[in-house]
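Structural description and commentary
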Amino acid sequence: MNAISPSSLLTLEAYSKRRKEFRDRVLAHKKNRIVHVGAHMTLIFEDETTIRYQIQEMLRIEKTFDEQGIREELDAYNPLIPDGTNLKATMMLEYEDPQERARELARLIGIEHRVYLQVEGMDPCYAVADEDLVRENEQKTSSVHFLRFELAPAAIAGFRRGRRVAVGVDHPNYRTRVDPIAAEVQGSLSKDFA
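The present account deals with the structure reproduced in this document.

Parameters at a glance
- Residues numbered from 1 in each chain as written.
- Predicted model: local features only at pLDDT ≥ 70, side-chain atom pairs only at ≥ 80, totals over all residues.
- Heavy atoms only, no water.
- Axes fitted to C-alpha atoms, helices over the stretch in contact; angles between N-to-C directions.
- Helix = DSSP H or I, 4+ residues; strand = E, 2+ residues; numbered from the N terminus.
- Left-handed = near helix turned anticlockwise from the far one by under 90°.
- Contact = heavy atoms within 4.5 Å.
- Nonpolar A, V, L, I, M, F, W, Y, C, P; charged D, E, K, R; others polar.
- Buried < 20%, exposed > 50% of the residue type's maximum accessible area, 1.4 Å probe, protein only.
- Pairing = 2+ DSSP bridges.
- Arc of directions from axis to C-beta.
- Polar contact = N/O pair within 3.5 Å; in protein donor to acceptor, adjacent residues only side chain to side chain.

Overview of the packing of helix α2 (residues 48-62) against helix α3 (residues 67-77)
- Orientation of α2 relative to α3, taken along the N-to-C sense of each, is 145 degrees, at an axis distance of 10 Å. Judged by the sense of rotation from one axis to the other, the crossing of α2 with α3 is right-handed. Judged by residue contacts, Ile51, Gln54, Ile55, Met58, Leu59 and Glu62 of α2 engage Ile70, Glu73, Leu74 and Tyr77 from α3.
- Residue composition of the contact of α2 with α3, by class: 7 nonpolar, 1 polar and 2 charged.

Next up, the structure:
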């Protein structure tokens, strides 16, 4: 895993000076790491760049500069960086209307376990969800989940060689598939494999 170390982070002062430039670079980078899966789900595929930005932003917002606080942020976010055999994504369920959101999150319990990535000619690879903590209860699922797609070596090889890649969901109350994902997204995600 390309873990981010405390020594590689910018100080709060240095980050403040470079924040706009860094933010613009990360936003441009993220454009090729987002997949909209149907009308209400977005997957943001994380990597060292996106997680570094998240850590720097959290340290800035919380005005954290002590060693223990920095270590806690790194411990929370480093596991979201792909380790060379997988892809990791933040999954967001987005409903603008609060009543619709409450109703749909109640109908979508378990959806995080029904998201898959499929390389052409291979079996679907279902996400391992929320390894850090449970994000749903008996009444509803969370609007944010963290997913890991652990691909087999043959699927990784096919992914990197440019075989079509699809992302889908087969939950009874939310069935949709993006086939194929955009070539730019596939190219960016290919770099996550060692």
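A word on the packing of helix α1 (residues 12-30) against α2
- Relative to each other, α1 and α2 sit at 145 degrees, their axes nearing to 10 Å. Once α1 is placed against α2, the crossing between them reads as left-handed. Where α1 approaches α2, its residues Leu12, Tyr15, Arg19, Phe22, Arg23, Val26, His29 and Lys30 are matched on the opposing element by Thr49, Thr50, Arg52, Tyr53, Gln56, Glu57, Leu59 and Arg60.
- The residue inventory of the contact of α1 with α2, partitioned by class, reads 6 nonpolar, 4 polar and 6 charged.

Some details on unusual backbone geometry
- Asp179 connects to Pro180 through a cis peptide bond whose omega is 0 degrees.
- For Lys63, which is not a glycine, the phi torsion comes out positive at approximately 50 degrees.
- The topology assignment puts Lys63 in the loop between α2 and α3.
- Relative accessible area serves as the criterion here: at 61%, Lys63 is assigned to the exposed category.
- Look at Asp130: it is not a glycine, yet its phi comes out positive at around 50 degrees.
- Within the element layout of this structure, Asp130 appears in the loop between β6 (128-129) and β7 (144-150).

Considerations on the sheet that holds β6
- If you walk across this open sheet you meet the 5 strands as β1-β2-β3-β7-β6, and the pairing is antiparallel. Looking at the sheet topology across the chains shown, the edges are occupied by β1 (34-37) and β6.
- Relative to strand β2 (residues 41-46), β1 is paired through 4 bridges, and the arrangement is antiparallel. Among the inter-strand pairings, His36 is bridged to a residue of β2, identified as Thr42.

Concerning the sheet that holds strand β5 (residues 125-126)
- Spatial strand order, β5-β4-β8-β9: 4 strands in an open sheet with antiparallel pairing. Two strands bound the open sheet, and with one partner strand each, they are β5 and β9 (174-178).
- Where strand β4 (residues 115-119) and strand β8 (residues 165-171) come together, 5 bridges link them in antiparallel fashion. Pairing of Val115 across the sheet is with Val169, part of β8.

So, α3
- Here α3 has its buried residues at Gly69, Ile70, Glu73, Leu74 and Tyr77. An end-on view of α3 places all buried positions within 135 degrees of arc, on one side of the element. Exposed residues on α3 whose side chains face more than 90 degrees from its buried face are Glu67 and Gln68.
- Among the structural elements, α2 are those in contact with the buried residues of α3.

Focus: the side chain of Gln186
- Along the polypeptide, Gln186 turns up in helix α6 (residues 183-190).
- In terms of polar contacts, Gln186 uses its side chain to reach the backbone carbonyl oxygen of Arg163, at 2.8 Å.
- Setting aside residues up to four positions removed in sequence, Gln186 forms contacts with Phe159, Gly162, Arg163, Arg164, Val165 and Ile181.

Scope: geometric values only; no functional claims are made or implied.
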